[in-house]
Amino acid sequence: MLGLSLFFGRCMNKLSSLEDRINASTFGRVFRLEGSGHPKTVRGSSFFREVRAGLTTFATMAYIVAVNAAVLADSGGTCECPPEAPRGCPHDEAYASCLIGLKRDLITTTAALAGLSSIVFGFLTNLPVALGPGMGLNAYFTYQVVGWHGTGEVPYKIALTAIFVEGFIFVFLALTGMRQWLVRMIPATIKTACGVGIGLFLTEIGLSYSAGIGAITGGFSTPLAIGGCPPQYLDDKGECASHIMTNPGMWIGIFLGGIFVAFLMAFKVKSAIVIGIAIVSIMSWPRNTTFTYFPYTPAGDERFEFFKQVVAFHPIQSVLNVQEWDLQGTSGAQFALALITFLYVDIIDCTATLYSMAKFCGVVREDGDFPRSTIAYCTDAIMISIGSLFGCSPVTAFIESGAGIAEGGRTGLTAISAGVCFLICLFFAPILASVPPWATGSTLVLVGCLMIRQVININWQYIGDAVPSFVTLAFMPFSYSVAYGLIAGMMVYVVLNTMIWIVVKLTGGKVTPSNWQEKEVYDWGLGARDVPGWVKRLRSKVLPAYFQIDDRKDGVELVDNDSAMNAATDPSSRGNSAEEKDDVHVAEQHAQPLPLPMPLPMPLPQSYPQTRPRAPTLPSLD
């Protein structure tokens, strides 16, 4: 035992030495790893820690390889239904055969697109956020725009054309600063509620059947119903007909993928999430168990046949570059409908998700922006257009990136590591696509637990801020959409606070609501500091004497993981921006008694009331 211990000790020392050399190399300087000597070093980052976080992100996202393909295949893709067949071709063998090939094409497409977009995004932005075809957006694309088996109002090819154009519109909005302004114009309390809502959204996904442990399911008489039954006991409505909470896979996911991982996290065991996912996955692969991922059913047989290939590559045959550019007649109207539909959903969904992930990893500055935000938004937008060339629904930042951030990911190397795993998945898809949903479901619940800590930073004192915030965080999981949750919250905020403002204005301030002084001051984000950087540089050249460039430090300073999480629950850690601190300081100065001349005593002036700062800065969760 002593010899084995010495052997492992020498191995760990060599790995530590190797990591130090990598951190200090040019490679380490590119990603600003700790020890690289870069002036804007990301504290706490290291090569192996970033790679480990990337593996965690990939493990929690791996389900999209199969799930995204299955959802998009329901649109029918390029498969054509004969005119004489029933609507949707439910029993056409040729159409069903085409759908099998379509699904395999989309598996390759999903892995390639997630890998490419994550690598590019991580390299250009140095953010630990992975990209891929959005899960909520793919369902919106399939079931609300194209329709099941092409029965919707917009054909598949025209919908892809609209997504391609939409990406370039997003690039224009990012370059002009409109996407950044969209984030700034959202009230601070609602932006905080977005992070909480996404945490609840992740929790709901982790508890569902499609990508989680299967503890809940959609109900018929109620919106949600208790689940936990083996899949064969689900009725036509998707509810458990019997055997509630008896699914062995669910309990393995809860205890080994959830409670055991939380136990390891309590003792700060590295790779705790990866360990839990790997244990549950390997246990679920043998066929002769009650919790196997390959049961003796048609779907189980299909998965097992794919799994046995171990190494396989399926080239894209039917969905590559199939946009329809002939927009004459009804095609033009369908294109316009698809473009408008995707624009209002995607610009909110993609922007809010990316911003929330940037806030979760602790890089959002006091002005509400984050380093390289323009590059981040442009990269995200370009990948939306590239995704349409691959036949996919819009690409977005994945909220599952929070798992990698929680594991310690701090730089773009995390996203690149996850992207490399997806590219490897192109050749090892049979293995990597066979991670069962109950292996990652509890992980998503744990990430939701980390994200919901922000709820204490919502302004619950004033009802004009509290109600819209609650609507936002509640509507996201219940509508299964980040965009719809944010739209609902903003609508309530505008209507409620406009009504209150009218009453206060008409009465000259004599009638005010309860806790009126506790409200957060709101502006539209159109101040001088909100002007995009390229506009500032242009104006500084045209009018150098009248315009001063606002230089901001483009540093990615991330705090320690443990201190950040403790800060989320410590009221004393809620700091204010520099301007807000100045305001408070001025008020405190006024509150101090004035110095009195000795010969002429004078009464002390009454202290001025201390004004409430606009919005507390959200503590970062690394």
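The structure under discussion appears in the preceding block.
Quick caveat: nothing in here was measured; it's all calculated off a predicted structure. (Residues numbered from 1 in each chain as written. Predicted model: local features only at pLDDT ≥ 70, side-chain atom pairs only at ≥ 80, totals over all residues. Heavy atoms only, no water.)

> Help me out: how do you make sense of the state of the cysteines in this one?
Summed over all chains, the structure comprises three disulfides. The residue that forms a disulfide with Cys79 is Cys98, at a sulfur-sulfur distance of 2.0 Å. Taking the sign of the S-S torsion, about -95° here, the bridge from Cys79 to Cys98 comes out left-handed. Placement of the pair is Cys79 in the loop between α4 (64-73) and α5 (93-125) and Cys98 in helix α5, with a sequence separation of 19 residues. Here Cys229 pairs with Cys240 through a disulfide, and the sulfurs are 2.1 Å apart. On the sign convention where negative means left-handed, the S-S torsion of about -85° between Cys229 and Cys240 marks this disulfide as left-handed. Separated by 11 residues along the polypeptide, Cys229 in the loop between β3 (224-226) and α10 (248-266) and Cys240 in the loop between β3 and α10 bring together distant segments of the chain. Look at Cys229 and you get buried, because its relative accessible area is 0%. (Disulfide = S-S within 2.5 Å. Helix = DSSP H or I, 4+ residues; strand = E, 2+ residues; numbered from the N terminus. Buried < 20%, exposed > 50% of the residue type's maximum accessible area, 1.4 Å probe, protein only.)

> Sorry, what's going on with the pattern of salt bridges here?
A side chain of one charge can pair with a side chain of the opposite charge when the charged atoms of the two come close. Counted according to the given criterion, the structure contains three salt bridges. A salt bridge links Glu407 to Arg52; the nearest nitrogen and oxygen atoms lie 3.5 Å apart. A residue pair is termed long-range when its members are at least 10 positions apart, and Glu407 in the loop between α15 (401-406) and α16 (412-432) and Arg52 in helix α3 (residues 47-61) qualify at 355 residues. We note that Glu407, like Arg52, is buried. Between Arg287 and Asp301 there is a salt bridge, and its shortest N-O distance comes to 2.7 Å. Placement of the pair is Arg287 in the loop between α11 (272-283) and α12 (298-308) and Asp301 in helix α12, with a sequence separation of 14 residues. Taking relative accessible area as the criterion, Asp301 reaches 32% and is therefore assigned partly exposed. (Salt bridge = Lys/Arg side-chain N within 4 Å of Asp/Glu carboxyl O.)

> Hey, could you run me through the packing of aromatic side chains in this one?
Centre-to-centre distance and the angle between the planes together describe a pair of aromatic rings. Taken as a whole and assessed by the stated rule, the structure comprises 17 aromatic pairs. With a centroid separation of 5.3 Å and an interplanar angle of 65°, the aromatic rings of Phe47 and Phe48 are classed as edge-to-face. Residue classification places Phe47 among the buried residues on the basis of a relative accessible area of 19%. With relative accessibility at 29%, the residue Phe48 sits in the partly exposed group. Connected via pairs of aromatic rings, a cluster forms that spans Trp285, Tyr293, Phe294, Phe304, Phe307 and Trp438. A cation over an aromatic ring shows up here: Arg287 above the ring of Tyr296, its NZ or CZ 4.2 Å from the ring centre. Here the basic side chain of Arg303 rests over the ring of Tyr293, its NZ or CZ set 4.4 Å away from the ring centre. (Phe/Tyr/Trp six-rings, centres within 6.5 Å; stacked < 30°, edge-to-face > 60°. Lys NZ or Arg CZ within 6 Å of the ring centre and 35° of its normal.)

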